[in-house]
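Analysis of the macromolecular model
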Amino acid sequence: MIEHALALLEFERVRAAVGENCAGDQSRRLLESSPILTDPADVARELSRAVSLRKLLADGRHFPDIDLPDIEGALTVLKKEGTVLEGEALVALSRFIRSAGALKRFLSAREIEPGLREMAESTPAPAGLAAEIDRVFDGEGNVQYKNVPALRSIRESIRRLRAAIERTAAALLNNPETAGLFQTDTATVKDGRTVLPLKTKFKGRLKGIVHEVSGRGATLFLEPEEMVERNNELVVRENEFLAELLKIRRELTDRARGRRDDLGRMAEAVAYFDALLAKARWAHARRAVAALPAEGRIVLREARHPLLGKGAVPIDLALEPDERVLLITGPNTGGKTVTLKTVGLLACLNQFGMEIPAAEGTALPAFDCVFADIGDEQSLEQSLSTFQAHMNNVSLIVAHATARSLVLLDELGAGTDPQEGTAIAMALLDHFVEKNTMTFATTHHGVLKNYGFLKKGVVNASVEFDAEKLRPTYKIVMGIPGESHALAIAGRAGLPEALTRRATKYLDEERTDIAKLVEELVREKKQLREQGIAQQAKESAARDTLRRAELKELSLRQRERELRERGLGELERFLSESRRDLERIIREIREGANEEAVSRGRALVERLEERIGEERETVEKLAVPPPPGEIGPLEKGSRVRVRSSGSEGTIVREAKDGKFVVSVGNIRLTLASDELEAVPDVEPEVTVEFRPVHDAPPPAYELNVRGFRYADALRALEKQIDAVLVAGVKEFTILHGKGTGALRTGIHEYLASSPYVESYRFARPEQGGAGKTVVVMK
């Protein structure tokens, strides 16, 4: 990428903000030196890895607390044979190794991008070396004497010698016969040896070695003879201590040197993981999304400039493959330049392997280079005018831009005679259209608005302006060129009204018929756009009203049918009880040979059966009719309806005597074929399960039904499908586990019968395999 363009787009400010999320200096340096990728495959890989870590953050997964001290200097020391690391450097190595191990274990156990998980699993983290270092040194770099007997013994002898020397010094300083010889009653240390502050005038009163004389010559720092031997022994023991400590440090350094290659690979991998995690944290904090890969097109939905914070106004724009230039017009301070910077900056962030602050559906290609000519770069030192500075930049762009480049041109044709500037601008845009270079340009020249209407491959756009409040809204309106509104803005800024009226008069005189035609076209296009939006709103409201009406009608019919069935059930129970009574009567009558009574009893039963038949016919009429179409024969897997109750189920298998085992909810029934009727595989357009879009809960991107009973799992799945239909989600997963396979089979049968499901399949092995199903909606 061109450094000049990155500076204009303020890319480094965003990179620095991302770097603040790094746990270590090495990962921050890696982030600062990482290039902007240009290969689409590389962009997709890095983006996928950052997304997988961001999803862990979004799911509330707690990343391990990592401590990443800078070990680059220690690794450099290890390259040179014979060198020895200081205790602090060894401790830093240990802390880094332990953090690497924690990060490795965390990433290896998560469902993340396969390449990233494989990298984590293969990252060396020599825990044994860290344990050896920790045995000798604590976290602050202090020696743990309890674990090192040799050093503990020497340290104890040093402590005893120092105590003995302090006692001797105190005896001399506090002795009444010698106390007056000293400047103070406190001993001091010179060159590692304890000395006493003897007054110069008493020189010779005590025998010993003079180590130093005070600046004014009033004090001699004397080592008395009584202390010389013990001071000598102390120096020897301290040297023994340092030698033993150096030996231990050398042994630990040699062990680290033996793992230098592993340590280097560990440091690189952990820095990469930390940099990725910094990108994920940045994206998570800004509700960023991954841009879809695109070939020759660009779509921004609710895109926000990341440096403007909460005050950023989202922008929407698009260029299709047959559209190469987007020409943005409108008033000053209306957001044209911010739009250019937003497009360029988001393109760079995408190719830096980062999610961007925008809405789902945003799509960006991988550009081979981003070129920008934004702002006024005139230079007094180089005698460059505004126009010449622009032309220098544009000449560089023309020479190097390709069909895979992104070109951003601010105030095209400005800084010179308007007529000549417009001609140059149109020639440049012609060149980029012919080269198939994606170009975003802003301008105030009215002729270029006409050019945008007439030139194939060029699309007009404008920044919206509130004519009532006389201020821009900062929103992009596609397909409509904008006006500069210079007179309105000048009047609002305080220019006298008389001057603005005069300017308006001049403007009316100078306007051409073409300009008026363009103005009329713009007005008509805006009206059509507003009418289209209004019509869409009306159609949406009408569809919603129709759905509610259909649902209400269906619910009433269903309720009526339920009431009828309840009455039918009561009649059947009454018939059953009456039949038993009648049979008893008939038995008694037969014993008495009363044939007339028998006939009356039978007639009563027939009348009751006739009434039940009438009720059953009424219920059948109330049933929701199936759609027309030929229904196949009854067989395993067929959907059927039980004639007596109207309940629907699925044939599990064929039983004996021409009967079938039918699964209805959680119940299995054995029924004859004449008790069943086939129902079509395709459900009616309006079903009892339909719910109004207003009441649908938000969908889950992964529905977890492990441990559910079959009926509960199906209810959860029904609600999930309602929710994804409302939200427009095209794909989700069902985590059902493997187990006996019964739950999985039932779910697959339901998905196969759903008219809203395009297809379903098992997840890839690394994502759950047969324990998870991926569902694609129509």
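Residues numbered from 1 in each chain as written. Predicted model: local features only at pLDDT ≥ 70, side-chain atom pairs only at ≥ 80, totals over all residues. Heavy atoms only, no water.

**Some remarks on the overall build of the protein chain**
For the record, the criterion: Runs of H or I in DSSP of at least four residues are treated as helices and runs of E of at least two as strands, each being numbered from the N terminus. Using a 1.4 Å probe on the protein chains alone, a residue whose accessible area is under 20% of its type maximum counts as buried, one over 50% counts as exposed, and one in between counts as partly exposed. Whether two residues are in contact is decided by their heavy atoms, any of which lying within 4.5 Å being enough. All accessibility values rest on the Shrake-Rupley procedure with a 1.4 Å probe; residue burial counts only the protein chains present in the view.
Per the secondary structure count, the protein chain includes 21 helices and 23 strands. Across the 778 residues that make up the protein chain, the buried fraction comes to 40%. Across the protein chain, every contact between residues at least 6 apart in sequence was considered, and the portion connecting residues at least 24 apart equals 68%. Of the roughly 42900 Å² that the protein chain leaves accessible, carbon and sulfur atoms contribute 50%.

**As for helix 14 (residues 418-434)**
What counts is decided by this rule: One less than the residue count of a helix, multiplied by 1.5 Å, gives the span that helix is expected to have. What the arc covers is the set of directions going from the helix axis to the C-beta atoms.
Relative to the 24 Å expected for 17 residues at 1.5 Å per residue, helix 14 spans 24 Å between its end C-alpha atoms, a close match to the ideal helical length. Buried within helix 14 we find Gly 421, Thr 422, Ala 425, Leu 428, Leu 429, Phe 432 and Val 433. The buried side chains of helix 14 occupy one side of the element, clustering within an arc of 135° when seen end-on. More than 90 degrees from the buried face of helix 14, the exposed residues found are Gln 419, Glu 420 and Glu 434. With its phi angle positive at about 65°, Asn 436 sits one or two positions after the end of helix 14.

**With respect to the pairing of strand 8 (residues 325-329)**
This is how the line gets drawn: Following DSSP output, two strands are said to pair if at least two bridges run between them.
Counting buried positions along strand 8 gives five out of five residues, so the element sits mostly inside the fold. Every second residue of strand 8 is oriented toward a common face, with Val 325, Leu 327 and Thr 329 on one face and Leu 326 and Ile 328 on the other, all of them buried. Pairing geometry for strand 8 and strand 12 (residues 438-442), over four bridges, is parallel. Within the sheet, the bridge partner assigned to Ile 328 lies in strand 12 and is Thr 442.

**Quick look at empty space enclosed by the protein**
Rules: A cavity here means a set of points on a 1 Å grid, drawn over the protein atoms and nothing else, where a 1.4 Å probe fits but cannot get out; a pocket is an open set with protein on both sides within 12 Å along at least five of seven lines, and a residue lines either one if it has an atom within 4 Å of a point. Grid points are joined across faces, edges and corners, and a volume is the space filled by probe spheres set on the points. Gly is placed with the polar residues, together with every amino acid not listed as nonpolar (Ala, Val, Leu, Ile, Met, Phe, Trp, Tyr, Cys and Pro) or charged (Asp, Glu, Lys and Arg).
For the structure shown, the criterion picks out one cavity of 30 Å³ or more. In this model, the largest cavity occupies a volume close to 80 Å³. Contributing to the lining of the largest cavity are Asp 373, Phe 387, His 390, Met 391, Val 394, Leu 409, Asp 410, Glu 411, Leu 412, Gly 413 and Ala 414. Looking at the lining of the largest cavity, the element that brings in the most residues is helix 13 (residues 386-400), giving four residues. For the lining of the largest cavity, a count of residues per class yields six nonpolar, two polar and three charged.

**Some points on the packing of aromatic side chains**
Defined as follows: Classification of ring pairs rests on two measures: the distance between centres of Phe, Tyr or Trp rings, Trp counted by its six-membered ring, which must be within 6.5 Å, and the angle between planes, read as stacked under 30 degrees, edge-to-face over 60 and tilted in between. The criterion for a charge sitting over a ring is simple: Lys NZ or Arg CZ within 6 Å of the ring centre, and within 35 degrees of the ring normal.
Enumeration over the complete set of coordinates arrives at four aromatic pairs. Plain terms: the ring middles of Phe 11 and Phe 352 are 5.4 Å apart, the flat faces sit at 90° to each other, and that makes the pair edge-to-face. Of the two residues, Phe 11 is situated in helix 2 (residues 11-19) and Phe 352 in the loop between helix 12 (336-351) and strand 9 (363-364); the sequence distance between them amounts to 341 residues. For Phe 11, a relative accessible area of 0% corresponds to the buried category. Judged by centre distance (6.1 Å) and plane angle (40°), the rings of Tyr 145 and Phe 241 are tilted. Within this pair, whereas Tyr 145 is found in the loop between helix 8 (127-136) and helix 9 (149-174), its partner Phe 241 is found in helix 10 (residues 225-258), the two being separated by 96 residues in sequence. Above the ring of Phe 221, the side-chain terminus of Lys 190 is found at 4.6 Å from the ring centroid.

**Quick notes on the environment of Val 776**
With respect to the helices, strands and loops of the structure, Val 776 is situated in strand 23 (residues 772-777). In sequence terms Val 776 and Val 757 are 19 residues apart; their C-alpha atoms lie 6.2 Å from each other.

**A look at the packing of helix 8 against helix 10**
Worth spelling out the cut-off: Comment: axis = line fitted to C-alpha atoms, over the contacting stretch for helices; angle = value between 0 and 180 degrees taken between N-to-C directions. Each angle receives one of four descriptions, namely roughly parallel if under 35 degrees, roughly antiparallel if over 145, roughly perpendicular if within 65 to 115, and oblique otherwise. Here is the rule for handedness: rotate from the far helix to the near one, and if that takes an anticlockwise turn smaller than a right angle the crossing is left-handed, while a clockwise turn gives right-handed.
Packing of helix 8 against helix 10 brings their axes to within 10 Å, and their N-to-C directions diverge by 165°. With respect to helix 10, the axis of helix 8 lies roughly antiparallel. Handedness of the crossing formed by helix 8 with helix 10: left-handed. On helix 10, the residues touching Leu 129, Glu 132, Ile 133 and Val 136 of helix 8 are Ile 248, Leu 252, Arg 255 and Ala 256. Broken down by class, the residue content of the contact of helix 8 with helix 10 amounts to six nonpolar, no polar and two charged.

**A word on the side chain of Ser 94**
As for its placement among the helices and strands, Ser 94 is situated in helix 6 (residues 87-108). Accessibility expressed as a relative area gives 1% for Ser 94, which makes it buried. What Ser 94 contacts, discounting residues up to four positions off in sequence, is Ala 130, Ile 133 and Asp 134.

**A short note on the nonpolar core**
Soluble, globular proteins show a tendency: their nonpolar side chains are buried together. Note the following rule: We call a set of buried residues a nonpolar core when its members are Ala, Val, Leu, Ile, Met, Phe, Trp, Tyr or Cys and they connect through side-chain atoms within 4.5 Å of each other.
Core analysis: the largest hydrophobic core is formed by 64 residues, its most contacted members being Leu 53, Ile 71, Leu 107, Phe 137, Leu 263, Met 266 and Phe 273. Setting aside chain neighbours within four positions, we find Phe 273 in contact with Leu 53, Leu 103, Leu 107, Leu 116, Met 119, Ala 120 and Thr 123. By size, the runner-up hydrophobic cluster in this structure holds 49 residues, among which are Ala 275, Ala 283, Val 343 and Ala 347.

**Points about the confidence of the model for the protein chain**
The condition is simple: Scored from 0 to 100, pLDDT records how confident the predictor is in each individual residue.
Of the residues in the protein chain, 79% reach a pLDDT of 70 or more, and the chain-wide mean stands at 82. Note that pLDDT drops below 50 for residues 378-383; the model gives that stretch six contacts with residues more than four away or on any other chain. Overall, residues 682-696 carries pLDDT values under 50, and its contacts beyond four positions in sequence, including any with other chains, amount to 23 contacts.

**Thoughts on the environment of Pro 64**
Relative to the elements of secondary structure, Pro 64 occurs in the loop between helix 4 (40-58) and helix 5 (72-78). Sequence separation between Pro 64 and Leu 107 is 43 residues; the distance between their C-alpha atoms is 10.0 Å. Setting aside residues no more than four positions away along its own chain, Pro 64 makes contact with Ala 102, Leu 103 and Phe 106.

**Some details on the packing of helix 20 (residues 710-727) against helix 21 (residues 742-753)**
In a pair of packed helices, the angle between the axes and the distance between the axes together describe the arrangement. The contact between helix 20 and helix 21 brings their axes to 10 Å, and the two run at 35°. Crossing angle aside, the handedness with which helix 20 passes helix 21 is right-handed. Contact residues: Tyr 710, Ala 713, Leu 714, Leu 717, Glu 718 and Ile 721 in helix 20; Leu 743, Gly 746, Ile 747, Tyr 750 and Leu 751 in helix 21. Considered class by class, the residues forming the contact of helix 20 with helix 21 number nine nonpolar, one polar and one charged.

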